[in-house]
Structures are given as structure tokens and as C-alpha cells.
Amino acid sequence: MTNLVEVAGLCKRYDSFTLDHIDLTVPEGQIVGLIGENGAGKTTTIKSILGVVRPDGGTIRLMGKPSGDKGALEKVGVVFEDSYFNGVLTPSQIDRILQGIRPDWDSVKFRRDCEAFGLDHRKKIKDFSRGMRMKLSLATALASHPRLLVMDEATSGLDPVVRGEILDIFLEFIQDEGCGILLSSHITTDLERVADQIAYIHRGRLLFQRDKDELLQETAIVRAPEALLSRLPEELVMVRKTGGSGGSAALVRDPGTVRRLLPDAVIDRTSIDEMMQFYGGRDAE
Amino acid sequence: MIGLLRKELYGLNSLYQKQLPLVAVLYGVLAVAMNQDFFLYFGVWVMMFYSISNLSLDESCGWGRYAKTLPVTSAQIVGAKFLVTLIYTGIALVYGLALGLIRRMVSGESDLGVLTAGLLAVVMVSLIMSSLMYPFAFRYGLERARNGLLVVWMVVFVGLYLFGSRLNEAVPLIELLDTIEVYPILWLAGSLAVTGLVMALCFAASCRIYQKKEF
């Protein structure tokens, strides 16, 4: 399997924040969900991959070429949190603009997608709802037949119906085995639905990038009194959370072994949301 | 490149689609009715400022960040902006000449020389102004660049007001300006060369700033 994106040791330093040696890959045929708290470094990672910001260290390969390479960018569709076109423009004008910018621009596909999304060609972007603007961005990203879609918080602030429609488009896009998606989102239920892999960035560091199903099957939450939890071997405990009304809890790996060791403890399946709460919570150790 | 140029023109035309015809008619009527070429010169100036306002539209919608992800070079992005200013001031020049001709037909005058020279001078000053504005705007944002340049011009004019006579003693500026009528072609060629040089230098600086700019 070829990697569409290969990030190794990516570093980016700001006054109040540092992205610290991020390693990340987006293989062909996969949707990689990028998660993390606000300000964790997801957007900086995406911007670095796309060449919008210059990394201070590490290497980035986009379809085998350096980040920012114009040839590679021809094969990348990008959707940011909101529309990036001037609000006075119409989809028709955007079509003509991108015809003159993107060599693989497919006007017929763009117009067809706009119609399917219910976007009026003559209406100004500023008159579109947020959901419609996101659909327009998506139609714009798809119309150049990209191999890689990069989305930064593309589904945030949208209602479940629109989000569902957009996720269906992602799944349709990924049917082509040569394509891939890097999707950053706070809405972890979306990622649980469509992502193949989860990459978790926490305070500027990549905690893990793992197969989503394996991750969810091989981790669990154990709730028990502190005395009972302390009997667990350290190698099984990923994060420990002390106190709280329900006693202590821990995010653990290998739920089968944990169940054998602590037969009286409550062991629940975990979700990405809960995992984030464990890593990012105030009580996390 | 053509796509970037379309983006600039569509944006400006949509933004000023009501204002532009109104200004064109108003200035035209004022120029003819008041028998004043000033409004035609001012039209060039206004068009230059209209063309620059695309920068604030870009800033408000985050176009710069998206443009960095497109298969275009910084020189193409910056070049489209310089080209739009040329187009807008060029339109104002042609419009000014046409209206100046009409004004002269109405008033029975025949000499277009002063108007042509005046319009060309305003076009060149406008192009120099906008060219100086672009690198600062890419570096500091449009508002700060605009305010910064206003301060620079203020300092220049106050300096000229205070020390103009002393400067004229060192370099006979007034006498030098009088030679325009003697060597008009030389002056035109020299002014065009200076304008071209300033534009080229500012373009190169803008490209360099834009390439390094992070969004």
C-alpha cells in the first residue's frame, strides 16, 4: 500500500505552542481521522502538509513529493472549516476561476455535484447557509479528481443530516483504492463511522496512529475503587483518572487480561470521545 | 494565471457593480458640467484604490490560506493583483481621455495634450502608489499598510513644505519641471521607466514576501 502522505519528525514552533516530532501517514484507500483537543496541533499539522506553513523540522512527502510541490497539489482537494472564496462570488464564477487554475478541473462534475447538493449556480456564497458553503467547498475539492482529500474541521457546526450526507460522499470517494482522506474533526462519532485509522495529537505530540477497529477493540475503560485499580500492571494502563463520584477509572489495553485480573471491576467498551476525555481531562495522570 | 485574474475581476466587479457605474457617471457629468479635468484625474486614483480593496476581501475570507494549497506560484498570485491594478487604471485612463474629448467638444477646446499628460502622470503615480502598497499589505495586512503609507506621504509632504525652498536651492526642481514642455517625450520615457522599475522591484519584493508568508 502506497502512502499518499508521509510525515516524519514534523516540528513547528510558535511562541506559545510547539508541534513536536509528529509522524503520520495517510495510506491509499484509507480515511485517517485526526483527533485532538482545541489547540492540540491538528490544523498546524494539516497546514504543514499542504505547505501553508513552513515546518521547523522533519520531512513531509505528499504523493512522494515535498510539501508545497505544485505537481502534488494538483492531486489534492482541500476543505477548510469555512468557505475561502469571497462571499460576493457565485458557484458559476468559482467554476470559471478554477477552470483557469486547476489543470484537471472537471466543470461537468462540479456543476453536477452542485446540483446534487442543491446549490444554485447564480446565488452568491454569502447567501448560502454554512452547510451549503461546506458542500460547495466539497464540490470544489472533488471537481479536480483529487487522489487525496484533506479536510480540516469540515463537518463542525453542521447538522446531523448534512454531516451524514458529507460522510456518505467521503465513503463514495474512498471506493477508489488509489485515493485517501485526511480528516480532522472534533466530532468523533463521524470518525467512528468512516475512519479506518485514528491519529491522536495531544499537546503538540502524536500519541498514536492506529487502526480504528483494533484501537476500539483492544482498549477498554475500567471503573473500580482505587485500591483495586492499583493492582493492575502498569503496562496494561494507558491513562489513569483518579477520584470523581464513580470512583477511579483507567483506560486500559487488552480488556481480556484486565477482566481476568479484576473480575469484580466494571469494564466498558470505549469510544474515541472517552479516550480523548481520558487523555485530555484534568484528572488524567 | 487566467483563473487568478478572473477571481480578482469577478470579486471587484461583484463588489462594485452598483458603485462603479454611479461614480463613472457622476465624475463624467461633473467633469463636463463644471468644465474641470480634475474629476477625470481623480477617477484614475479612485480606480486604483478599488483594485487594491481586493486584498481586504482576501483577508476576510481566508483566500491566502486556500491559495497556498492550489497548484499556482506566489508570482502568479501576486502578478494577478498587479495586473488588475493595471487593468483598472487603464480603464480609467481610456474613460478619462474619452470624457476629456467630449468636454473639449462641448466647450470648443481642441488641445488634448495637457489632459493626456495629466492622466498619464496620475496613472503612473497611482501605479507607483499601489506597487508600494502591495509588499507592505502582504507583510502587515491592508489596513496597516494603508495607514503606514499615509504617514510616509504625510512626512514627505510636510518635509517638502518645510524644506522645499532649501531643497530647490540645492536642486533646481522648479526649473527642472519647466523642461517638461521642452522635452515631453524624454520626460514620458523617463517617467515610464521609473514607474516600470518601481513596479518591478515591488513585484519582486511582494513575491518574496508572499512566498514566505504563513497563513
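Owing to the predicted nature of the structure, the values given are computational and were not obtained by experimental measurement.

1. Examining the overall build of chain A
The number of helices and strands found in chain A is eleven helices and 14 strands. Its C-alpha atoms give chain A a radius of gyration of 21 Å, near enough to 19 Å, the size a compact globule of 285 residues would have. If one aligns the C-alpha atoms of chain A with their principal axes, the spans along those axes are about 65 × 40 × 40 Å. Within chain A, buried positions represent 44% of all 285 residues. Across chain A, contacts joining residues at least 24 apart in sequence account for 69% of those joining residues at least 6 apart.

2. A short note on the environment of A:Met151
You can see A:Met151 is positioned in strand β7 (residues 148–152). Among residues more than four places away in sequence, those in contact with A:Met151 are A:Val79, A:Ile181, A:Leu183 and A:Ser184.

3. Looking at helix α3 (residues 38–52) of chain B
Residues and elements named next belong to chain B. An ideal rise of 1.5 Å per residue puts 21 Å on 15 residues; α3 measures up with 22 Å between its terminal C-alpha atoms. Of all 15 residues in α3, eleven are buried; the element is thus mostly enclosed. Along α3, the positions that sit buried rather than exposed are Phe-39, Leu-40, Tyr-41, Gly-43, Val-44, Val-46, Met-47, Met-48, Tyr-50, Ser-51 and Ile-52. Buried residues belonging to α3 abut α1 (2–15), α2 (19–33), α4 (54–61), α6 (74–107) and α7 (113–140).

4. Brief notes about α4(B)
One turn of the α-helix equals 3.6 residues, which is why residues spaced by three or four share an orientation. All names here are of chain B. Taken residue by residue, α4 has Asn-54, Leu-55, Leu-57, Asp-58 and Cys-61 as its buried positions. Buried positions in α4, seen along its axis, are confined to an arc of 160° and lie on one side of it. On the buried face of α4, the contacting elements are α1, α3, α5 (63–67), α6, α7 and α8 (142–170). Where α4 ends, the next residue or the one after it, Gly-62, has phi of about 75°, a positive value.

5. Observations regarding unusual backbone geometry
All names here are of chain A. Backbone geometry places His-21, a non-glycine residue, at a positive phi of 50°. Non-glycine residue Asp-254 carries a positive phi angle of around 55°. If you trace the backbone, Asp-254 turns up in the loop between β13 (248–253) and α10 (255–261).

6. Quick word on the interface of chain B and chain A
Each partner contributes residues to the interface: chain B has 23 residues there, and chain A has 26 residues. Of all the secondary structure elements, the ones that give two or more residues to the side of chain B that touches chain A are α1, α4 and α5 of chain B. No other element matches the nine residues that α1(B) contributes to the side of chain B that touches chain A. Grouping the amino acids of the side of chain B that touches chain A by side-chain chemistry returns twelve nonpolar, six polar and five charged.

7. Observations regarding the nonpolar core
Considering soluble globular proteins, one finds that nonpolar side chains tend to be buried as a cluster. Core analysis: the largest hydrophobic core is formed by 129 residues, its most contacted members being A:Val5, A:Val150, A:Leu183, A:Val222 and B:Val44. When residues of this core are assigned to their parent elements, the largest contribution, eleven residues, is made by α7(B).

8. Some words on the sheet that holds strand β6 (residues 76–79) of chain A
Residues and elements named next belong to chain A. Spatial ordering of the open sheet is given by β6-β7-β8-β3-β9-β10, a layout of six strands whose pairing is mixed. Each edge of the sheet is formed by a strand with only one pairing partner; in this case those strands are β6 and β10 (205–211). On average, each strand axis in the sheet is inclined to that of its neighbour by 15°, with strand direction left out of account. Looking at chain direction, β7 and strand β8 (residues 180–184) are connected through five bridges and run parallel. The residue bridging Asp-152 from the neighbouring strand is Ser-184, located in β8. Most of the contacts of helix α5 (residues 130–142) go to β6, to which it runs at about 170°, and overall it touches β6 and β7.

9. A short note on the domain arrangement of chain A
Often, the extent of an interface is quoted as the loss of accessible area upon association of its parts. Residue and element names in this part refer to chain A. The domains assigned to chain A are domain 1 (3–214) and domain 2 (218–280). Using only C-alpha atoms to locate each centre, domain 1 and domain 2 end up separated by 34 Å. Counting from both sides, the interface comprises nine residues of domain 1 and, opposite them, seven residues of domain 2. Elements represented by at least two residues in the side of domain 1 that touches domain 2 include exactly α7 (188–194) and β9 (197–202). Considering each element in turn, the side of domain 1 that touches domain 2 owes the most residues, three residues, to α7. Within the side of domain 1 that touches domain 2, the residues separate by chemical class into four nonpolar, two polar and three charged.

10. Topic: the packing of α6(B) against helix α10 (residues 184–212) of chain B
Residues and elements named next belong to chain B. The geometry of α6 relative to α10 is characterised by a closest axis approach of 9 Å and an angle of 135° between their N-to-C directions. Taken as axis vectors, α6 and α10 run oblique relative to one another. Crossing hand, α6 versus α10: right-handed. Contacts from Ser-74, Ala-75, Ile-77, Val-78 and Phe-82 in α6 reach Met-199, Phe-203, Ser-206, Cys-207, Tyr-210 and Gln-211 in α10. Partitioning the contact of α6 with α10 into residue classes produces eight nonpolar, three polar and no charged.

11. A word on the pairing of β6(A)
Residue and element names in this part refer to chain A. Here β6 shows two buried faces, one formed by Val-76 and Val-78 and the other by Gly-77 and Val-79. Inspection of the sheet shows β6 paired to β7 by four bridges, in the parallel sense. Bridging across to β7, Val-78 finds its partner in Val-150.

What counts as what
- Residues numbered from 1 in each chain as written.
- Chains lettered and ligands numbered in written order.
- Predicted model: local features only at pLDDT ≥ 70, side-chain atom pairs only at ≥ 80, totals over all residues.
- Helix = DSSP H or I, 4+ residues; strand = E, 2+ residues; numbered from the N terminus.
- Rg over C-alpha atoms; globule rule 2.2 N^0.38 Å.
- Buried ≥ 20, exposed ≤ 12 C-beta atoms within 10 Å, placed from the backbone.
- Contact = placed C-beta atoms within 7 Å.
- Expected span 1.5 Å × (residues − 1).
- Arc of directions from axis to C-beta.
- Nonpolar A, V, L, I, M, F, W, Y, C, P; charged D, E, K, R; others polar.
- Core = buried A, V, L, I, M, F, W, Y, C linked by C-beta atoms within 7 Å.
- Pairing = 2+ DSSP bridges.
- Axes fitted to C-alpha atoms, helices over the stretch in contact; angles between N-to-C directions.
- Domains from an automatic or database assignment.
- Parallel < 35°, antiparallel > 145°, perpendicular 65-115°, else oblique.
- Left-handed = near helix turned anticlockwise from the far one by under 90°.

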